[in-house]
Amino acid sequence: MIDAISTLLIVSGLGFYLAGSIGLLRLPDLYSRLHALTKADNLGLGLLIAGLALHAQELLIALKLVLIWLAVLAASAASAHLIAQQARCRETQS
Amino acid sequence: MSELLSVSALCLMLSLFLGLLRVLRGPGAGDRMLATQLIGTAGVGVLLVMSLSLNQPALIDVALILALLAALATAAFTGRQRESSDD
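In this report, we go over the structure that sits alongside the text. Since this is a predicted model, take the numbers as computed values, not measurements. (Residues numbered from 1 in each chain as written. Chains lettered and ligands numbered in written order. Predicted model: local features only at pLDDT ≥ 70, side-chain atom pairs only at ≥ 80, totals over all residues.)

## Here's the deal with the overall build of chain A
Moving on, step 1. Each helix and strand in chain A was counted, giving three helices and zero strands.
Moving on, step 2. Along the chain direction, N to C, the helices and strands of chain A fall in the order α-α-α.
Moving on, step 3. Here chain A has a C-alpha radius of gyration of 16 Å; the compact-globule value for 94 residues is 12 Å, and the former is much larger.
Moving on, step 4. Each principal axis of the C-alpha distribution contributes one length, and for chain A these read about 55 × 25 × 10 Å.
Moving on, step 5. In chain A, buried positions account for 37% of the 94 residues.
Moving on, step 6. The long-range fraction of contacts in chain A, counting pairs at least 24 apart against all pairs at least 6 apart in sequence, stands at 59%. (Helix = DSSP H or I, 4+ residues; strand = E, 2+ residues; numbered from the N terminus. Rg over C-alpha atoms; globule rule 2.2 N^0.38 Å. Buried ≥ 20, exposed ≤ 12 C-beta atoms within 10 Å, placed from the backbone. Contact = placed C-beta atoms within 7 Å.)

## Quick word on the interface of chain B and chain A
Moving on, step 1. Listed per partner, the contact involves 38 residues of chain B and 37 residues of chain A.
Moving on, step 2. Residue assignment for the side of chain B that touches chain A shows that the elements contributing at least two residues are α1 (2-25), α2 (29-53) and α3 (58-86) of chain B.
Moving on, step 3. Broken down by class, the residue content of the side of chain B that touches chain A amounts to 22 nonpolar, 13 polar and three charged. (Nonpolar A, V, L, I, M, F, W, Y, C, P; charged D, E, K, R; others polar.)

## With respect to the nonpolar core
Moving on, step 1. Within the largest apolar cluster, 43 residues are counted, with the highest numbers of intra-cluster contacts made by A:Ile49, A:Ile68, B:Leu34, B:Val44 and B:Leu48.
Moving on, step 2. If you list the elements that add at least two residues to this core, you get α1 (2-26), α2 (30-53) and α3 (59-93) of chain A together with α1, α2 and α3 of chain B.
Moving on, step 3. Top contributing element to this core by residue count: α2(B), with 11 residues.
Moving on, step 4. Not counting chain neighbours up to four residues away, the residues in contact with B:Leu34 comprise A:Leu24, A:Arg33, A:Leu34, A:Leu37, A:Ile83 and B:Arg22. (Core = buried A, V, L, I, M, F, W, Y, C linked by C-beta atoms within 7 Å.)

Here it is as structure tokens:
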């Protein structure tokens, strides 16, 4: 039962990862690429981590996995804002 | 289970490869930095999957460090760009 749930979570996480990468490759400008990549990848990582945490032997390891997800969420939200701000700065200058 | 983990590591590497194609195409510096962000999240995913499939718990710590350093790279990049546009 747990195996089936974690397989489902991992496979759907991989789907989000691939969707984010295809969006990064196909979408026309920087802002829409940012939108595709940041949201889809973080959701994909969240689902992947949920799937892997079901297999963790100890509670501590599962908590560490969740901590990694939170760190990635904070990091990519900050860097998405920085990249967008910098691109906008350049646009208004030129 | 271990087949699923190997296939998912391969899928994550495929998505890293698509990010590298974006680095190749550009056109702006910001687009290339986006690929760094992708390498951050997908790299963490690869490390976590590998830690379970190779039974190496230390790789989880490596993933934590990578998650923190990926953000630093972007912050340093935007800081530099801002400095050079001030001159």
